[in-house]
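Observations on the model geometry
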Amino acid sequence: MVSYKLLTPEDVYFSAPVPVVAEETSEPKPPEVKLCCKNKPCSTSTAFIVLATFLFVLCCIWLIGTIFWLKDPGNQIPYRSPSPSTSLSNQSRPSPETCSSIEVSHRFDCYPERQVVVTQDLCQARGCCFIQMPPTEKGVPWCFYPPDFPSYALDSLVDTDLGFMGKLVRKNETYYPKDVKNLQLDIMYETNTRLHVKVTDSSSKRFEVPISVPNATKKAIGPEYVVEFSKQPFGLIVKRLSSGTVLINTTVAPLFFADQFLQISTILPSQYIYGLGEHRAGLLHSVQWNTLTFWARDVPPTEMTNLYGVHPFYLGIEPDGSAHGVFLLNSNAMDVVLQPAPAITWRMIGGILDFYFFLGPDPSSVIQQYLEVVGFPSMPPFWALGFHLCRWGYKTSNKTWEVVRAMRNYGIPQDAQWNDIDYMEGFRDFTFDAMNFNTLPEMVKDLHKHGQHYVMIVDPAISSTQPTGSYWPYDEGLRRGVFINDSDGETLIGKVWPGLTTYPDFLDVATQQWWYENLQMFYAKVPFDGLWIDMNEPSNFADGSIKGCPSNELENPPYTPGILGGTLRGATLCASAKHKTETHYNVHSLYGLFEAKATANALKKLLKKRPFVISRSTFPSQGLYSGHWLGDNKSQWKDLYMSISGILNFNLLGIPLVGADICGFGDSTNEELCIRWMQLGAFYPFSRNHNTIDVQAQDPTVFSPLAREAMKDALLLRYSLFPLLYTLFHHAHIKGHTVARPLMFEFPSDVTTYSIDQQFLWGKSLMVIPVLEEKATSVTAYFPKGVWYDFYTCSSISSHGEKVKLEAPLDKINIYIREGAIIPTQTPNTTLWSSSGNPLHLTAALSENGKAEGDLFWDDGVSLDTYETSNYTYIVFDVSQNTFTSKVLHENIEATYIIVETVKILGVRQQPFNVTVNDVETPFTYLQNQVLTVGNLTLNLNKGFTIKWM
C-alpha cells in the first residue's frame, strides 16, 4: 500500500471520478517465530509445570473476579482490551527498519488505551510498530502505525449538486469490534469559505447531533479551497487555493470507523492552534503530545482534565499568518491528541465524522464562519453587562439585602444581586426557605425599585423523596414522564444537593413545557429577572445512579477516552440511561445546551424580554441561549491569570457573555488579590464576584477604604465604557464578532502576539493590561506595531512591536486605545439604568495619517429582537482631514434622550486656531500631549454633526 506520508500523483484524485482500485497483493509473510524454546529445547516436565501454574493463577483470578462481580455487578467496569482480528494478527509485522524510519513526531498511537501497559507482543498483535522510548520522551507512543497499516479505500466517487459522494470500503477488520465496512463520504462545497465533509455508515443510521445547521442547496461557485483524495488508502487533502497551504491531510494515519471507535488524523500547517474547549490551559495549546478529553464533567477547573463544556472546534494560524478553522460536530466522548509533527488526531466512541472547514482567511472571519453554522450569540439585556454580586452562604434574605444596601451606601455600582442554593427549602428547585428567606420577595421588589435585578440558581436535578402530593415539580414530572429512565425503563435516581433526585430530559418537548410551568409558578412568588443553571453536565454525587449501572457495551466501550475517573458514568448518569429519543451515551454533553435552550425560551415566554441565562455546561450553539462562567475557581493568583485565556477561548467558541468568579470561588481571598481581580473582572464581558460558603466574604464593602475605592473606580470605569461594550455585543450578535479578543486576532502577522494571554482587547481597539502577580506595582506589556494612547492621560506610545514597562499602582489597571479608533463612553452611575440617560463622550485616537472611525448601537436594552425589528439607533463616527463627523444610519426614539457632551481627539499634531461645530465657531482646549477637546456641546445623539479644526 501507499505510504501514509508520501503520495504519488497517480494516487491523488483531482476532478474526475476515481475508478475502482484493484486490491493490491500483500507482501509475503515472514516465517512464524516460535516464542517458546527460542534457543534450546524445552523439557516436557518444565512445560507441564508452567502450564499447571498458569491454569492455577488463571482460576484464582477468575474466582476473585466472580466474587467481586457478584458483590457489585452494577459498578464493575472491567477493562476490555480489544482483541486483534484474525486478519490483523495474521498480517506481516512491520520490519524494524520500517518502524525506525518513522520520525518520532509522526508516530500516531496504535494503542491509546490507558488501562494497560503496552508490551511489544500486544502492539505487534495489532500489526503495529513497537519502539520503547526513554523516560525523557514523555508522551511519545511506543506502539504506532506502520506506513502500510490497513485502512479504507476510496471505491468510487461521483458528482453531486454540492460536490462529491464517495464510497469507502474496508477489507480488513480492525482490533475494535463491529467495524463499519462500507462508508458514505459526502463532500459539500457549501460556501466559498466553508467546506462540509461527512463520513457515515452507508447502510445504517447513526446518531447525529440534533442542533440546527445551514442546509446548503447548491455548490459554491468560487471556493477558496482545493479538495484532493488519495484512493488507497483513502485520504482527504484540503488546500488553500491562494497559497497552496495544506490545511488538512488525513493520509498520515489510517481511518477507523467502528461502532464505538472512530479515529482520523491530519497534519496541521503549524503549531499555532486555539480553541478546543473547555479545558484549563493557556490560550495557545501545546502540541507536545497533548491529549484533550471531551466529556462534560462537574470538576473544578483543573489542567489536563475534561471540564464542564465540550467544544470540538479549533482555530489554526498558518505560516503566512492566514487563519482557518475546523469543527467536528460530534457529542460523543472523545480524545483530541496534538503532537509535534504538528498533527491532530480525533478519536471518539460514537456518532459520525461530521467536519466543517472554514477558510477565513483572518481569525475574526474564521469565527464568523463558524458561527454561521452553529448560530450567532443572542443580544443580552443591557443590565447583564453591569456588575453582579453573589455568594453561596448569605444564609438569609436579610443578609443578602444588607449587602445590597451596603453597596448602595458606598456608591459602588451594582446591577444584579444573586442567590446560590441556600435560598431554597431543602435545596429543592422552585422553592424558597420560608424561615430564613422570608423577606426574599420584598428584597426583589426593592431591587426593582432601584433599577437593579435579581438572579437565582436553579439546578436540573429534582428532589424525589418528599411525600406524594407535597412537591409539584416531582409529582407532575413523574405523571408526564419527563424524567430520564435507567436501562430498565424505570426513573433513574441519582443524588445531588437535595438528596435522591431525578433528571429532566430537556431534549423532550414535554419537559420543556413542564420546566416553563415550574418557572411560571415560582415567578408569581419571586419575580426574578434571570436564571443561573448549574450542575448541568449533569452532575451526580452517585456515579451513574444509586443502584449502579449495568455491565454492557455502553457502560464499558472498547475504548474509553481519558475521562476523569476512567468511566463514562463518573459523577454523572449511566451511559445506558434512556432519554425519550436517545441514550445518554450519545447526548450526555448536550445536556447543558438543551437545558439552556429550555430556560431561555421559558424566560422569553414568561417575561416578554431578552432572557438572561448563565450556564455551567456548554456545547456549540450555546451562545444562542446563554452565557457562561468558568466554574469553581480558587482565590489564587494563578486562577486570576488563567481566567484571561478562559474568557478569550469562549469568545472564540461563540459565547462572548463569559467571565470568571471575581476574587475566586473557593478559599478565602486577600485584599490585594481581590483588588487586582476586581480590576480585571471589570473587563470580563460578564462581571460577577462570587464565593463559596463559610469563607471570608469578598464583596467590595468588606475591605478597607482604600480597597473599596479602588474596586469602585474599576467598576465606574466599566460603567463609563458601557456604550462601547454594548456595541461590541451588538456586533457579536449580528456578525459573530468576538467581544474580548486575543491580540493575535488583530495582528496575525505578528508572531509575538500568538501566545499572549496576559493582556487582551475589547473589540479591536481597547487593550487591557492587568496586573497578575502579587506585590507588583508595575507591569510589562507588549505593544504591537502602531500608536497606542493611554486611556487616562491620552499620552501616546509609538511602537514598532515591543515590550514596555508600565507603572501599575494598586489602584490602577492600565488600558490603551489603539490608533484609528473612536471610543464612545458615558458618564457612569451606580446602575446602568441610571447611567443610561447620562451624556456621551467621544474619544478619537488618530492614526499616523490622521484618521479614526467608530460606531454606536443603542436601543431600549431589554426588548426582544430590536435589530431584527428595526427598533434601534446606529451611528457611525469618522475622522478624516481634520473633520470629525457623526452620521446616523438608523434611529429610534431612544437616541432622542441622549446628548453628546464632549469630543476629545488624540494625536492632533498642531494646535488648531479655529474649531467649528456644525459651522459654528466653538471654544476648545489643546494640550501639549496633542489632545484637542471640545466640551459643553449638548449635541443630540439622533442628529448628525460635524466638527472641524484648522
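Here goes a summary of the coordinates provided. Residues take numbers from 1 onward in each chain, read along the sequence in its written order. Reporting of local features is limited, given that this is a predicted model, to residues whose pLDDT is at least 70; pairs of side-chain atoms are given and counted only at 80 or more, and all residues count toward the totals for whole chains, interfaces and linings. The side-chain quantities take in all heavy atoms of the structure and omit both hydrogens and water.

This part covers a nonpolar patch on the surface. Within the patch definition used here, like charges are joined within 9 Å and nonpolar side chains (Val, Leu, Ile, Met, Phe, Trp, Tyr) within 5 Å, considering only residues with over 30% relative accessible area and no salt bridge. Here, Shrake-Rupley sampling with a 1.4 Å probe gives the accessible areas, and only protein chains in the shown set may cover a residue. One speaks of a salt bridge when a side-chain nitrogen belonging to Lys or Arg is within 4 Å of a carboxyl oxygen belonging to Asp or Glu. A surface patch of nonpolar side chains, amounting to about 270 Å² of accessible area, comprises Phe427, Trp497 and Phe541. Secondary-structure assignment places tryptophan 497 in the loop between strand 24 (494-496) and strand 25 (499-502). Strands are runs of DSSP state E lasting at least two residues, helices are runs of H or I lasting at least four, and both sets are numbered from the N terminus onward.

So, about the sheet that holds strand 24. Spatial strand order, 23-25-24: 3 strands in an open sheet with antiparallel pairing. Every interior strand has two partners, whereas the edge strands, strand 23 (462-463) and strand 24, have only one. Paired strands are those between which DSSP finds at least two bridges. Pairing analysis gives 3 bridges linking strand 24 to strand 25, with the strands arranged antiparallel. Bridge pairing links glycine 494 to threonine 501 in strand 25.

On inspection of all chains with the given rule, the structure shows 32 salt bridges. Arginine 194 is paired through a salt bridge with glutamate 190; the nearest N and O atoms lie 2.8 Å apart. A residue is classified by how much of its surface remains accessible, and arginine 194, at 6% relative accessible area, is buried. Judged by its relative accessible area of 9%, glutamate 190 falls in the buried class. Here arginine 280 and aspartate 639 are joined by a salt bridge, their closest N and O atoms 3.2 Å apart. One end of the pair, arginine 280, is in the loop between strand 13 (273-277) and strand 14 (290-294); the other, aspartate 639, is in helix 12 (residues 637-652), and 359 residues separate them in sequence. Accessibility classification places arginine 280 together with aspartate 639 in one group, the buried group. Within the structure, one salt-bridge network assembled from shared partners comprises Asp298, Asp534, Glu537, Arg616 and Asp632. Each residue is assigned to one of three classes by its accessible area relative to the maximum for its type, calculated with a 1.4 Å probe on protein chains only: buried under 20%, partly exposed between the two thresholds, exposed over 50%.

What follows concerns unusual backbone geometry. With an omega of -5°, the peptide bond running from glutamine 232 to proline 233 counts as cis. Even without a glycine there, the phi angle at lysine 178 is positive, about 60°. By the element assignment, lysine 178 lies in the loop between strand 5 (163-169) and strand 6 (182-191). In this structure, leucine 276 is a non-glycine residue whose phi angle is positive, near 50°. Within the element layout of this structure, leucine 276 appears in strand 13. Judged by its relative accessible area of 0%, leucine 276 is buried.

Moving on to the packing of helix 14 (residues 705-720) against helix 15 (residues 722-735). Each axis is a line fitted through C-alpha atoms, taken for helices only over the stretch in contact, and angles between the N-to-C directions span 0 to 180 degrees. One way to put it is that helix 14 packs onto helix 15 with a least axis distance of 5 Å and a crossing angle of 55°. Taken together, the axes of helix 14 and helix 15 are oblique relative to one another. Each of Arg718, Tyr719 and Ser720 in helix 14 lies in contact with helix 15, whose residues at this interface are Phe722, Pro723 and Leu725. Gly is placed with the polar residues, together with every amino acid not listed as nonpolar (Ala, Val, Leu, Ile, Met, Phe, Trp, Tyr, Cys and Pro) or charged (Asp, Glu, Lys and Arg). In the contact of helix 14 with helix 15, the residues fall into 4 nonpolar, 1 polar and 1 charged. For classification, angles of less than 35 degrees are called roughly parallel, those exceeding 145 degrees roughly antiparallel, those between 65 and 115 degrees roughly perpendicular, and all remaining angles oblique. The criterion used for residue contact is that any of the two residues' heavy atoms lie within 4.5 Å.

Bringing empty space enclosed by the protein into the picture now. In this analysis a 1.4 Å probe is tested at points of a 1 Å grid over the protein atoms alone, and where it fits but cannot get out there is a cavity; an open set with protein on both sides within 12 Å along at least five of seven lines is a pocket; lining residues have an atom within 4 Å of a point. Grid points are joined across faces, edges and corners, and a volume is the space filled by probe spheres set on the points. This model, assessed by the stated rule, comprises 6 cavities of 30 Å³ or more. The calculated volume of the largest cavity comes to roughly 250 Å³. Here the lining of the largest cavity gets 7 residues from one element, more than from any other, and that element is helix 12. Here the residues of the lining of the largest cavity are counted per class, giving 7 nonpolar, 9 polar and 3 charged.

Note on terminology: disulfide denotes any pair of cysteine sulfur atoms within 2.5 Å. Counted according to the given criterion, the structure contains 5 disulfides. Cysteine 123 shares a disulfide with cysteine 143; S-S distance 2.2 Å. Here cysteine 123 and cysteine 143 share a disulfide; its torsion about the S-S bond, 90°, makes the bridge right-handed. Note that cysteine 123 is positioned in helix 4 (residues 120-125) and cysteine 143 in strand 3 (residues 143-144), a separation of 20 residues in sequence. Residue classification places cysteine 143 among the buried positions, given a relative accessible area of 2%. A sulfur-sulfur separation of 2.0 Å characterises the disulfide bridge that pairs cysteine 663 with cysteine 674. Sign of the S-S torsion, about 90° for the bond between cysteine 663 and cysteine 674, identifies this disulfide as right-handed. Of this pair, cysteine 663 sits in the loop between strand 30 (661-662) and helix 13 (671-681) while cysteine 674 sits in helix 13, and the two are 11 residues apart along the sequence. Comparing cysteine 663 with cysteine 674 shows no difference in burial state: the two are buried.

With that settled, consider the sheet that holds strand 13. Pairing within the open sheet is antiparallel, and its 8 strands lie in the order 4-5-6-7-19-16-15-13. Taken across any chain shown, the strands that pair with only one partner, and hence form the sheet edges, are strand 4 (153-159) and strand 13. Strand-to-strand twist of the sheet, defined as the mean angle between neighbouring strand axes without regard to direction, takes the value 15°. Across 8 bridges, strand 6 lies against strand 7 (residues 194-201) in antiparallel orientation. Paired with glutamine 184 across the bridge in strand 7 is threonine 200. Against the sheet, helix 12 engages strand 13 and strand 15 (311-317), with an angle of about 85° to strand 13.

Expected helix span is taken as 1.5 Å per residue step, with the number of steps being one fewer than the number of residues. Taking 1.5 Å of rise per residue, 13 residues should cover 18 Å, and helix 6 (residues 397-409) covers 18 Å from first to last C-alpha, within 8% of that figure. Where helix 6 is concerned, the buried positions are Ser397, Thr400, Trp401, Val403, Val404, Ala406 and Met407. Residues of helix 6 that are buried sit in contact with strand 20 (387-389), strand 21 (416-419) and helix 7 (440-449).

Most of strand 39 (residues 814-818) sits out of view: 5 of its 5 residues are buried. Residue alternation in strand 39 divides its side chains into two sets, Asn814, Tyr816 and Arg818 and Ile815 and Ile817, and both sets are buried. Examined bridge by bridge, strand 34 (residues 766-769) and strand 39 share 4 bridges and lie antiparallel to one another. When the sheet's bridge partners are listed, isoleucine 769 is paired in strand 39 with asparagine 814. Relative to strand 39, strand 36 (residues 786-790) runs antiparallel, the two being bridged by 3 bridges. When the sheet's bridge partners are listed, tyrosine 789 is paired in strand 39 with isoleucine 817.

Structurally, the position occupied by threonine 873 is in strand 43 (residues 873-880). The definition of a polar contact used here is a pair of N or O atoms within 3.5 Å, where within protein one atom must be able to donate a hydrogen and the other to accept one, and adjacent residues in sequence count solely through side-chain atom pairs. Within the local environment of threonine 873, its side chain forms a polar contact with the side chain of asparagine 892, the two groups lying 2.9 Å apart. In this structure threonine 873 touches Leu856, Phe857, Trp858, His890, Glu891, Asn892 and Ala895, once residues within four positions along its chain are discounted.

Throughout this description, the term nonpolar core refers to a set of buried Ala, Val, Leu, Ile, Met, Phe, Trp, Tyr and Cys residues connected via side-chain atoms within 4.5 Å. By size, the foremost hydrophobic cluster in this structure holds 239 residues, and its most contacted members are Trp346, Phe683 and Phe884. The leading source of residues in this core is helix 11 (residues 591-607), at 10 residues.

Turning to the packing of aromatic side chains, a few remarks are in order. Ring pairs are drawn from Phe, Tyr and Trp, using the six-membered ring of Trp, whenever the two centres fall within 6.5 Å, and their geometry is named by plane angle: stacked under 30 degrees, edge-to-face over 60, tilted for the rest. Counted according to the given criterion, the structure contains 56 aromatic pairs. Measuring from ring centre to ring centre gives 5.7 Å for tryptophan 346 and phenylalanine 355, while their planes differ by 75°; the resulting arrangement is edge-to-face. With respect to burial, tryptophan 346 and phenylalanine 355 carry one shared label: buried. For the ring pair tyrosine 423 and phenylalanine 522, a centre distance of 6.4 Å and an interplane angle of 55° mean the geometry is tilted. Remark: phenylalanine 522 occurs in helix 9 (residues 509-523) and tyrosine 423 occurs in the loop between strand 21 and helix 7; sequence separation between them is 99 residues. Classification of tyrosine 423 as buried rests on a relative accessible area of 0%. A relative accessible area of 2% places phenylalanine 522 in the buried class. In this structure an aromatic cluster arises from ring pairing among Tyr145, Phe149, Tyr175, Tyr176, Phe256, Phe261 and Tyr559. A ring has a charge above it when a Lys NZ or an Arg CZ is no more than 6 Å from the ring centre and no more than 35 degrees off the ring normal. Here the guanidinium or amino end of arginine 428 rests over the ring plane of tyrosine 471, the centre of that ring lying 5.9 Å away.

Another point: the pairing of strand 42 (residues 852-858). Counted residue by residue, strand 42 has 6 buried out of 7 residues, so it is predominantly covered. The sheet contact formed by strand 42 and strand 43 spans 7 bridges and is antiparallel. Looking at the pairing, phenylalanine 857 lines up with tyrosine 874 of strand 43.

Before going further, it helps to examine the environment of glycine 282. With respect to the element layout, glycine 282 can be found in the loop between strand 13 and strand 14. You can call glycine 282 partly exposed: its relative accessible area is 29%. With 95 residues separating them along the chain, glycine 282 and isoleucine 187 place their C-alpha atoms 34 Å apart. Sequence-distant contacts of glycine 282, that is, excluding residues within four places in its chain, are made with Met642, Ser645 and Asp757.

Any link to function would need more than the numbers given here.
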